[in-house]
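Chain by chain, the residues:
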Amino acid sequence: MSYITLSNDLLVAFAITGLLVLLVLMVVKKQLRASSSDHDLMNELAKKDNFAMGISYASSIFSIILVVGFIAREFNLAQWQESLPHLALALALALSFIWLGKWIHNKLILADFNEARAIEKRNMCAALIDTGVLLANSIVVLGLYKWSKATNLNTFLTDIIAFSAIQIVILLHTRWQERGFSATNQGASLQTYFAYDNTSLGLRFAARMIALSLAIFAALSSIEFIPGNFIDNIIMILLNVIVFVALHQITAFLVLKLALPKVQTNIEVEQQDNIGIANIELAVHLAIGILLIRLFSI
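Residues numbered from 1 in each chain as written. Predicted model: local features only at pLDDT ≥ 70, side-chain atom pairs only at ≥ 80, totals over all residues. Heavy atoms only, no water.

**Things to note about the overall build of the chain**
And then number 1: For the chain, the count of helices and strands is 12 helices and zero strands.
And then number 2: Overall, the chain shows an N-to-C arrangement of helices and strands of α-α-α-α-α-α-α-α-α-α-α-α.
And then number 3: Burial analysis of the chain (298 residues in total) assigns 46% to the buried set.
And then number 4: Looking at the chain alone, contacts between residues at least 24 apart form 77% of all its contacts between residues at least 6 apart.
And then number 5: As displayed, the chain has an accessible area near 15900 Å², and 65% of this comes from carbon and sulfur atoms. (Helix = DSSP H or I, 4+ residues; strand = E, 2+ residues; numbered from the N terminus. Buried < 20%, exposed > 50% of the residue type's maximum accessible area, 1.4 Å probe, protein only. Contact = heavy atoms within 4.5 Å. Areas by Shrake-Rupley, 256 points an atom, 1.4 Å probe, with all protein chains shown as cover.)

Structure follows, in structure tokens:
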């Protein structure tokens, strides 16, 4: 009787995944150093003890392991000559999409908030936002990969349009948050408040971003890719994403009202910097997002 369930193929697959993680991490570290003119990453982490940058860098490492591990499981050791080019292309496209999504968020969606500079100043709120944005885009990209597998040029073009449409959904979701914040804070700007290092506000924003991406992943997991049918694919994505995001938001609202019946959560998080309330919101949003994936994945 065997008590160990690992096969030789699984051990080889794990070794390949670990090697890919190391290679991608080396490339990312070089890019971080190349784009960092005012400070050195390791100097900020080890000598200056910049905990905000540590959180941001940790999210990068986590995203790399998540993405590489998710895509590498498709690698077929028996047909490695065919699987290896597909794996390399899928990883390159996934990481490019993640970088593009983060760039869109930093430069367009949160254009009034200099996230990188705030992290250099040890702004915990900025680090949490950076983490939420990076993880959210990683989950969205993995959802697209799970849905289409990006096997040819037509599939790739569909993924580009779908990714762009999802970024518009993320933009609208962020503007909705900004409008709600402005309504309860005498017209104040949410992006301006991020610079004041309100930890609970950053935690709430990160939680909602990740939860939004989980709802999008569930929407993508609930539909089948139709090869060669560009228009139907995009329409299905938009309809399902809207439905799943609405379902998530309504459910989260009702659960929070039941869990915190006499608590004004907006005031507690936005004005009192109540991290406990923000953590409860985080737990509810993430749990509902995971539940949607578990229930509706085909």
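**What to know about the environment of A92**
And then number 1: With respect to the secondary-structure elements, A92 resides in helix α4 (residues 80-109).
And then number 2: Along the sequence, A92 and V24 sit 68 residues apart, while their C-alpha atoms lie 9.6 Å from each other.

**Section: the layout of surface pockets**
And then number 1: Considering only enclosed or pocket space, the second largest pocket measures out at about 580 Å³ in volume.
And then number 2: Lining the second largest pocket are 24 residues; nearest its centre among them are W176, R208, F253, T265 and N266.
And then number 3: Secondary-structure elements contributing two or more residues to the lining of the second largest pocket are α7 (153-184), α9 (199-221), α10 (230-259), α11 (265-270) and α12 (275-296).
And then number 4: Considering only residue class, the lining of the second largest pocket consists of 11 nonpolar, seven polar and six charged. (1 Å grid on protein atoms, 1.4 Å probe; cavity = no way out; pocket = protein on both sides within 12 Å on 5 of 7 lines; lining within 4 Å. Points joined across faces, edges and corners; volume = space filled by probe spheres on them. Nonpolar A, V, L, I, M, F, W, Y, C, P; charged D, E, K, R; others polar.)

**Let's talk about the nonpolar core**
And then number 1: I71, I129, F194 and I216 are the most contacted members of the largest nonpolar core, which totals 80 residues.
And then number 2: Looking at this core element by element, the count peaks at 16 residues for helix α6 (residues 124-148).
And then number 3: Not counting the four nearest positions on each side in its chain, I71 is found in contact with L87, A90, L91, A94, L142 and Y145. (Core = buried A, V, L, I, M, F, W, Y, C linked by side-chain atoms within 4.5 Å.)

**Re the packing of aromatic side chains**
And then number 1: Scanning all chains against the criterion turns up nine aromatic pairs.
And then number 2: Centre to centre, the rings of F194 and F205 are 5.4 Å apart; their planes meet at 75 degrees, and the pair counts as edge-to-face. Of this pair, F194 sits in helix α8 (residues 190-194) while F205 sits in helix α9, placing them 11 residues apart in sequence. The same class applies to F194 and to F205, which are both buried.
And then number 3: Both rings, one in F244 and one in F296, keep their centres 5.1 Å apart while their planes meet at 80 degrees; by these two values the pair is edge-to-face. Of this pair, F244 sits in helix α10 while F296 sits in helix α12, and the two are 52 residues apart along the sequence.
And then number 4: Three or more aromatic residues joined by ring pairs form one cluster here, namely F97, F156 and F163. (Phe/Tyr/Trp six-rings, centres within 6.5 Å; stacked < 30°, edge-to-face > 60°.)

Just distances and angles here, no functional claims.
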